[in-house]
Amino acid sequence: MRRVLPVFLLIGLFAGWTNTELAMFGAYTGFFATDWRQTLVISGDDSRHELNPILGPYPSKAEVNRYFAATLVTSYFAADLVGEKWRLPLIVFMTIFEGAVVNRNIQEIGRAHV
């Protein structure tokens, strides 16, 4: 996951994005990476279950990794394709949503596993 964002930057996919949009997408990616890690922790603990209905209650680590990798790429393309008018509002929404998910996960699995 840590290699995905630099690859985007290297091949110029963020051309035309404002500094604010880039900063917000960076914040989104930080929350997203935390959620990814938390979900991997949940998937390795038989006493807990995942709440994401797409993944199901007991996803494998491979399923978690495939889901999050695909979702990160899809998030970029959604933000890029929505156009300049709606890009920042979409990224702000995604960031708030991911922050809320991370917070819920912290309440569920505890800080020790974040």
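Residues numbered from 1 in each chain as written. Predicted model: local features only at pLDDT ≥ 70, side-chain atom pairs only at ≥ 80, totals over all residues. Heavy atoms only, no water.

### Notes on the nonpolar core
In terms of nonpolar packing, the biggest core is built from 15 residues, with Trp17, Phe25, Tyr28, Phe32, Trp36, Phe68 and Ile91 touching the most fellow members. Every element with two or more residues in this core is listed here: α2 (19-43), α3 (61-81) and α4 (84-109). Among residues more than four places away in sequence, those in contact with Ile91 are Trp17, Glu21, Met24, Phe25 and Ala79. (Core = buried A, V, L, I, M, F, W, Y, C linked by side-chain atoms within 4.5 Å. Buried < 20%, exposed > 50% of the residue type's maximum accessible area, 1.4 Å probe, protein only. Helix = DSSP H or I, 4+ residues; strand = E, 2+ residues; numbered from the N terminus. Contact = heavy atoms within 4.5 Å.)

### Here we look at the environment of Ala69
Structurally, Ala69 can be placed in helix α3. Taking the C-alpha atoms as reference points, Ala69 and Ala33, separated by 36 residues in sequence, lie 10.0 Å from one another.

### Some thoughts on the environment of Met94
You can see Met94 is positioned in helix α4. Along the sequence, Met94 and Met24 sit 70 residues apart, while their C-alpha atoms lie 9.4 Å from each other.

### Looking at the pattern of salt bridges
Following the criterion strictly, the structure yields three salt bridges and no others. Among the salt bridges present, the one from Asp45 reaches Arg48, with a minimum N-O distance of 3.6 Å. Asp45 gets classed as partly exposed once you look at its relative accessible area, which sits at 24%. Among the ionic contacts, a cluster of salt bridges with common partners joins Glu21, Asp80 and Arg87. (Salt bridge = Lys/Arg side-chain N within 4 Å of Asp/Glu carboxyl O.)

### As for the packing of α2 against α4
Remark: α2 packs on α4, axes separated minimally by 8 Å, with the N-to-C direction vectors making an angle of 30°. Taken as axis vectors, α2 and α4 run roughly parallel relative to one another. In this structure, α2 crosses over α4, and the sense of that crossing is left-handed. Across the contact of α2 with α4, the residue classes break down as 16 nonpolar, six polar and five charged. (Axes fitted to C-alpha atoms, helices over the stretch in contact; angles between N-to-C directions. Parallel < 35°, antiparallel > 145°, perpendicular 65-115°, else oblique. Left-handed = near helix turned anticlockwise from the far one by under 90°. Nonpolar A, V, L, I, M, F, W, Y, C, P; charged D, E, K, R; others polar.)

### Considering α3
In a regular helix each residue adds 1.5 Å, so 21 residues correspond to 30 Å; α3 covers 30 Å between its end C-alpha atoms and thus fits that length. Turning to α3, its buried residues are Val64, Phe68, Leu72, Ser75, Tyr76 and Ala79. Down the axis of α3, the buried side of the element spans an arc of 100°, and every buried residue falls inside it. Away from its buried face by more than 90 degrees, α3 exposes Arg66, Thr74 and Leu81. (Expected span 1.5 Å × (residues − 1). Arc of directions from axis to C-beta.)

### Some points on the packing of α3 against α4
Between α3 and α4, whose axes approach to 8 Å, the crossing angle comes to 150°. When the axis of α3 is compared with that of α4, the two are roughly antiparallel. Viewed along their axes, α3 and α4 form a crossing whose handedness is right-handed. Along the contact surface, α3 presents Ser75, Ala78, Ala79 and Asp80, while α4 presents Arg87, Leu90, Ile91 and Met94. Looking at the contact of α3 with α4 residue by residue, the classes come out as five nonpolar, one polar and two charged.

### Re the confidence of the model for the protein chain
Low pLDDT means the predicted atomic positions in that stretch should not be read closely. Of the residues in the protein chain, 86% have a pLDDT of 70 or more, and the chain-wide mean is 88. The secondary structure element of the protein chain with the lowest average pLDDT is helix α1 (residues 4-10), at 59, and the one with the highest is α3, at 96. (pLDDT = per-residue confidence, 0-100.)

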